[in-house]
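Chain and residue survey
Chain by chain, the residues run as shown.
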Amino acid sequence: MSWISKILGGGGKGGKGPSPQEAIQKLRETEEMLTKKQEFLEKKIDQELQIAKKNGTKNKRAALQALKRKKRYEKQLAQIDGTLSTIEFQREALENANTNTEVLKNMGFAAKAMKSAHENMDIDKVDDLMQDITEQQELAQEISDAISKPVGFGEEFDEDELLAELDELEQEELDRNLLEIGGPENVPLPNVPSTSLPSRPEANNNKG
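Residues numbered from 1 in each chain as written. Predicted model: local features only at pLDDT ≥ 70, side-chain atom pairs only at ≥ 80, totals over all residues. Heavy atoms only, no water.

The protein has the name Charged multivesicular body protein 4Bb in an unreviewed UniProt entry, where Labrus bergylta is given as its organism. Under the heading Sequence similarities (unreviewed entry), UniProt records this for the protein: "Belongs to the SNF7 family." (UniProt positions renumbered as here; feature names shortened; annotations may be inferred.)

As structure tokens, this is what we get:
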């Protein structure tokens, strides 16, 4: 069994694999554990460095032992850094895979819902329904057009006859206006008097 299988809690070939959520949680726990190990090693490296400096001139053997331990800690720290990078990459891949799984699951759910919605639909029936709707719309338009036309209450007139009658009325009005304008010319004048008019008296020159 590989160390990854141990981390993920996987069993043998017949064992059921962990869910993506469980694997992601395990990887996060491992990251946390290794991060704490990093902090511990960094402190140990700093301590060994201080011991080496302190004993550099007083106790060379102790200083060398401290530096050796420091090198081992640094090697472990480098290994943990690489392990953390690998685990982080795997966790991100699992998170992406989990996201894709959820997306596909929801898309499949939606596809089933759409199939269920269309299950009782017949394309021929849909075409017939749309044709009926179109016919009813056309009928409604015809009814609207008929209603909007002026109602003659069953009386129909010849437009040419109406125009001719209108011309006659206009001509009569024109003739009447002409008679009114020429009326004074036809009024009879008074007769000339047969007797002579009295003569005008002469002006009194001796007045005043």
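So, next bit.
1. Observations regarding helix α2 (residues 20-54)
Helix length check: α2 (35 residues) gives 51 Å between terminal C-alpha atoms against 51 Å at 1.5 Å per residue, within 8%. Among the residues of α2, Ala23, Ile24, Leu27, Thr30, Glu31, Leu34, Gln38, Leu41, Ile45, Glu48 and Ala52 are the ones counted as buried. (Helix = DSSP H or I, 4+ residues; strand = E, 2+ residues; numbered from the N terminus. Expected span 1.5 Å × (residues − 1). Buried < 20%, exposed > 50% of the residue type's maximum accessible area, 1.4 Å probe, protein only.)

2. Remarks on the nonpolar core
Note that soluble globular proteins tend to have their nonpolar side chains buried in a common cluster. Residues Leu27, Leu34, Leu41, Ile45, Tyr73, Leu77, Ile80, Leu84 and Ile87 constitute the largest nonpolar core, which totals 9 residues. Taken together, the elements giving at least two residues each to this core come down to α2 and α3 (60-118). For Ile80, the residues in contact, after removing those within four places along its chain, are Leu34, Lys37, Gln38 and Leu41. (Core = buried A, V, L, I, M, F, W, Y, C linked by side-chain atoms within 4.5 Å. Contact = heavy atoms within 4.5 Å.)

3. Things to note about a nonpolar patch on the surface
On the surface, a nonpolar cluster with roughly 550 Å² of combined accessible area is contributed by Met121, Ile123, Val126, Leu129, Met130 and Ile133. Residue placement: Met121 occurs in the loop between α3 and α4 (123-148). A residue is classified by how much of its surface remains accessible, and Met121, at 53% relative accessible area, is exposed. (Patch = residues over 30% accessible without salt bridge, like charges linked within 9 Å, V, L, I, M, F, W, Y side chains within 5 Å. Areas by Shrake-Rupley, 256 points an atom, 1.4 Å probe, with all protein chains shown as cover. Salt bridge = Lys/Arg side-chain N within 4 Å of Asp/Glu carboxyl O.)

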